[in-house]
Amino acid sequence: SSGINAEYGGIMMSVSLLFLMLGISAACVPLYKIFCSATGYGGTTKKHGKEAEEKLKKMGPVEWRPITVSFTSMVNPCLDWSFEPVVDTVELVPGETCLAFFTAKNNSNEVLTGISTYNVIPYEAGSYFNKIQCFCFDEQTLHPGEELDMPVFFYIDPEFALDPDLIRDKCDNVVLHYTFYNTDEKESRFDIPELVGRVTSMITGEDKKQDAIGFKIPEGENIHKVNDLVYKEVVRKGYEKDFVVPGCKVVCHVTGSVKDTGRVFWCTKDGTPFTYTAGIGSLIEGWEEGCIGMSEGEISKIVMSSKKGYGKIGNRSWNIPGHTDLEFEIEILAVR
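Worth saying up front: this structure is predicted, and the values here are computed from it rather than measured. (Residues numbered from 1 in each chain as written. Predicted model: local features only at pLDDT ≥ 70, side-chain atom pairs only at ≥ 80, totals over all residues. Heavy atoms only, no water.)

A. A look at the confidence of the model for the chain. Across the chain, pLDDT averages 79, with 75% of residues at or above 70. Contacts for the low-pLDDT stretch residues 21-45, under 50 throughout, to residues beyond four places or in other chains number 42 contacts. Within the model, pLDDT remains below 50 along residues 207-212, and this stretch shows seven contacts once partners closer than five positions in the same chain are excluded. (pLDDT = per-residue confidence, 0-100. Contact = heavy atoms within 4.5 Å.)

Put into structure tokens, the structure is as follows:
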């Protein structure tokens with residue numbers, strides 16, 4: 001009887017833990033917004049309050065510390081929108097205000113509502129990046145074919161120029177990145193079965209075991225080892241003329257999938273190609289390393305260890321658990 005009671009108690013504890021985590025998950029978006037806006041944690045910009053407004057009136061530009069701010073954007077596959085910055089980069093100095101715009105368009109035949117999240121790269125710069133006006137965390141509703149210009153009014157705190165870590169890293173390029181999601185409950189970013197799986201792996205220790213499995217690179221004529229944690233499989237050779245190099249703009253079609261199961265979490269082939277600037281750290285490390293050297297017209301599969309992808313944390317937006325190896329089939333449409 002005592003054994004049965006102990007087993008029952010263990011089951012009830014596990015169920016309670018599961019529901020507690022579900023409650024936390026449901027609240028995590030507003031909590032993330034409040035916490036990160038106040039602290040700058042995770043590369044998220046600080047909230048612009050009354051104290052910051054007073055500082056803005058008194059501060060002056062730090063002319064000797066020029067910075068390039070790059071704007072990047074992404075749309076979750078569940079939202080049939082186009083979303084991109086009007087300009088890709090601006091040149092400014094700490095203490096100087098700047099107004100930039102992003103444009104969103106509803107490509108579907110139905111009314112869709114989206115909401116955006118954002119972060120700053122490098123993460124250390126997030127605490128100095130102050131947004132006076134922004135569209136993030138506000139629902140945006142677009143009718144079929146409707147376009148909307150959304151402003152971002154911001155400045156970088158003059159103290160950015162004196163941060164020892166940023167000086168040591170010679171940081172003169174900051175990336176402001178936005179991702180738009182569908183707010184429709186049917187397209188929820190939370191996958192309950194997967195969450196149960198994560199809880200189970202945490203309890204049993206499976207999540208830690210996966211780190212010890214190791215990442216294996218197969219052999220083959222079309223397999224090219226990038227490093228111990230990333231390899232490229234060439235599906236179709238390119239024109240061998242214009243190559244992806246750091247700083248260039250790349251236009252590509254992408255199919256992202258989980259390596260072990262083949263589950264596709266992102267595909268642009270039936271919609272708008274993905275555009276990004278190579279080598280500035282706006283994408284996961286494995287992608288950046290695998291794409292460098294690809295030529296226009298090339299199709300290759302970039303396969304990477306979780307350590308070069310989303311690591312032990314995973315990506316909740318695409319329901320990717322931690323310790324998950326990834327595969328991206330990338331077709332380079334243009335290199336500019």
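B. Representation of the nonpolar core. Membership of the largest hydrophobic core comes to 34 residues, with the highest contact counts inside it found for Val 69, Phe 83, Phe 154, Phe 160 and Tyr 178. Only β1 (67-75), β2 (81-85), β3 (89-92), β4 (97-106), β5 (112-121), β8 (147-156) and β9 (173-182) provide two or more residues apiece to this core. In this structure, Phe 160 is in contact with Arg 65, Ile 67, Pro 94, Ala 125, Tyr 128, Leu 166, Cys 171 and Val 174, ignoring residues within four places of it in sequence. With 27 residues, the next largest nonpolar core counts Met 74, Val 230, Val 258 and Ile 330 among its residues. (Core = buried A, V, L, I, M, F, W, Y, C linked by side-chain atoms within 4.5 Å. Buried < 20%, exposed > 50% of the residue type's maximum accessible area, 1.4 Å probe, protein only. Helix = DSSP H or I, 4+ residues; strand = E, 2+ residues; numbered from the N terminus.)

C. Seen up close, the sheet that holds β5. Reading across from one edge, β3-β1-β9-β5-β7 is the order of the five strands in this open sheet, with mixed pairing throughout. The open sheet terminates on both sides in strands that have one partner only, identified here as β3 and β7 (140-142). For this sheet, the mean angle separating the axes of adjacent strands, direction not counted, is 30°. Across eight bridges, β1 lies against β9 in parallel orientation. Along β9, the bridge assignment pairs Thr 72 with His 177. (Pairing = 2+ DSSP bridges. Axes fitted to C-alpha atoms, helices over the stretch in contact; angles between N-to-C directions.)

D. How the structure looks around the pairing of β8. Direction of pairing for β4 relative to β8: antiparallel, over a ladder of nine bridges. Pairing of Leu 99 across the sheet is with Phe 153, part of β8.

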